Amino acid sequence: MYKIIQNRKIWLSISSLFVVISLVLLLSFGLKLGIDFTGGSILEIRYDESIPSVAEVQDRLSSVELSSLVIQPVGADGMLLRFQEISEEKHQEVISALKNIEGEISFEEMRFEAVGPSIGQELKKKSIYATLLVLLAIVAYIAWVFRRVSKPIASWKYGIVANIALFHDVIITLGVFAILGKYFGVEINTPFVAAILTVLGYSVNDTIVVFDRIRENLPISDADFEDTVNKSVNQTVTRSINTSMTTLLVLVSVLIFGGETIRSFVLALTIGIGIGTYSSIFLASPLLVVWERFRK
């Protein structure tokens with residue numbers, strides 16, 4: 001049996017180090033916000049004959065250096081391009097680049113206009129309220145489910161520890177994106193927000209699996225709390241790693257072969273689920289034991 005809980009100082013030190021580094025990166029670099037947050041320009045064109053592929057348009061526009069470029073086909077002969085706000089001179093460069101795809105391609109410019117952010121201040125505020133409500137609901141639900149095993153630590157503390165693990169997973173994921181945004185121009189957009197919410201759900205699910213085994217073992221165990229938690233973690237560690245690996249293999253495949261549009265979404269999921277697996281085994285359960293020892 002692995003002495004995972006007995007070596008908790010190592011795991012807690014690793015987690016603390018990565019959280020501190022991530023917070024420093026976030027405060028130093030911040031996140032590179034995409035046009036979903038900042039607003040930008042939208043260009044709609046309609047081709048007279050054959051329409052080029054999204055990859056061809058993207059490749060051609062690479063010389064123009066547009067930030068936050070999103071290309072979306074519209075109908076059978078249209079294309080919608082969204083990017084950071086540009087000048088009229090830059091606008092003409094885009095038009096020239098589009099005309100030179102595989103020779104002279106004829107198209108009509110339907111509209112070119114500035115657009116506001118799709119994620120406004122009101123939505124940001126509501127998202128924060130909704131997240132706080134969800135975290136409180138997690139604590140309340142876990143406290144109710146674990147009410148029959150309120151010794152040696154209160155059932156609501158399981159919920160608090162689960163939320164600490166969530167904070168750990170999200171902060172480290174954001175820290176990685178702070179580096180990617182600073183040095184590789186990776187931007188935060190609406191799919192990224194969806195990925196973070198998915199990571200929250202996946203992470204708490206993985207943590208609850210371990211906690212549930214502790215709940216089953218506590219009433220029948222003759223060992224102390226530390227050994228009971230360690231036994232429970234050992235009983236679930238293989239399942240947690242195998243489950244996460246199957247998910248990560250799919251995500252890595254999509255990351256390599258998927259399109260640019262969903263890359264930030266898949267990358268956030270890959271990082272978040274990988275870290276969530278670590279925290280469910282090496283952070284959440286050791287914190288329970290630390291809290292129980294601290295109470296004494």
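Residues numbered from 1 in each chain as written. Predicted model: local features only at pLDDT ≥ 70, side-chain atom pairs only at ≥ 80, totals over all residues. Heavy atoms only, no water.

Undergrad: Tell me about the overall build of the protein, residues and numbers included.
TA: Along its length, the protein carries 10 helices and four strands. What you see for the protein is a C-alpha radius of gyration of 24 Å, clearly larger than the 19 Å of a compact globule of 296 residues, by over 25%. Referenced to the eigenvectors of the C-alpha coordinate spread, the extents of the protein come out at roughly 80 × 35 × 35 Å. Taken across its 296 residues, the protein has 44% of its residues classed as buried. At a minimum sequence separation of 6, the contacts of the protein that also span at least 24 residues come to 80%. Of the accessible surface of the protein, which amounts to about 15,800 Å², a share of 61% is contributed by carbon and sulfur atoms. In the protein, 26 positive and 29 negative side-chain charges are present, and the distance between their average locations comes to 19 Å. (Helix = DSSP H or I, 4+ residues; strand = E, 2+ residues; numbered from the N terminus. Rg over C-alpha atoms; globule rule 2.2 N^0.38 Å. Buried < 20%, exposed > 50% of the residue type's maximum accessible area, 1.4 Å probe, protein only. Contact = heavy atoms within 4.5 Å. Areas by Shrake-Rupley, 256 points an atom, 1.4 Å probe, with all protein chains shown as cover. Lys, Arg positive; Asp, Glu negative; His and termini not counted. Charge placed at Lys NZ, Arg CZ, Asp CG, Glu CD.)

Undergrad: Which residues make up the side chain of S244, and what values go with them?
TA: Take S244: it is sitting in helix α8 (residues 225–257). Beyond its immediate stretch of four places on either side in the chain, S244 contacts Y202, D206 and T277.

Undergrad: Could you give me a rundown of helix α4 (residues 88–99), with the residues and numbers involved?
TA: The end-to-end C-alpha distance of α4, which contains 12 residues, comes to 17 Å, matching closely the 16 Å that a straight helix rising 1.5 Å per residue would cover. Restricting attention to buried positions, one finds in α4 the residues H91, V94, I95, A97 and L98. When α4 is viewed along its axis, its buried side chains cluster within an angular range of 165° and face the same direction. (Expected span 1.5 Å × (residues − 1). Arc of directions from axis to C-beta.)

Undergrad: Mind laying out the layout of surface pockets, listing which residues take part and the relevant values?
TA: Roughly 930 Å³ of volume is contained in the largest pocket. Elements represented by at least two residues in the lining of the largest pocket include exactly α5 (121–145), α6 (156–184) and α7 (190–217). Sort the elements by how many residues they give to the lining of the largest pocket and α5 lands first, with 10 residues. Here the residues of the lining of the largest pocket are counted per class, giving 23 nonpolar, five polar and one charged. (1 Å grid on protein atoms, 1.4 Å probe; cavity = no way out; pocket = protein on both sides within 12 Å on 5 of 7 lines; lining within 4 Å. Points joined across faces, edges and corners; volume = space filled by probe spheres on them. Nonpolar A, V, L, I, M, F, W, Y, C, P; charged D, E, K, R; others polar.)

Undergrad: Help me get a handle on the environment of V186, residues and values and all.
TA: Its place among the elements puts V186 in the loop between α6 and α7. With 102 residues separating them in the primary sequence, V186 and Q84 have C-alpha atoms 14 Å apart. Excluding residues that lie within four positions of it along the chain, V186 makes contacts with K32, F177, L180 and G181.

Undergrad: Can you lay out the nonpolar core for me, pointing to particular residues and giving the numbers?
TA: Y158, F211, F225 and L288 are the most contacted members of the largest nonpolar core, which has 31 residues in total. Contributions of two or more residues to this core are made by α1 (8–29), α5, α6, α7, α8, α9 (263–282) and α10 (284–295). Residue contacts for F211: discarding those within four places in its chain leaves F146, Y158, V161, A162, A284, S285 and L288. Counting residues in each nonpolar core, the second largest holds 24 residues, with V19, F177, L269 and I271 among its members. (Core = buried A, V, L, I, M, F, W, Y, C linked by side-chain atoms within 4.5 Å.)

Undergrad: Give a detailed account of the environment of G185, specifying residues and quantitative values.
TA: Secondary-structure assignment places G185 in the loop between α6 and α7. On a C-alpha basis, the gap between G185 and I42 in space is 20 Å, while along the polypeptide they are 143 residues apart. If near-sequence neighbours (up to four positions away) are discounted, G185 is found in contact with K32 and L180.

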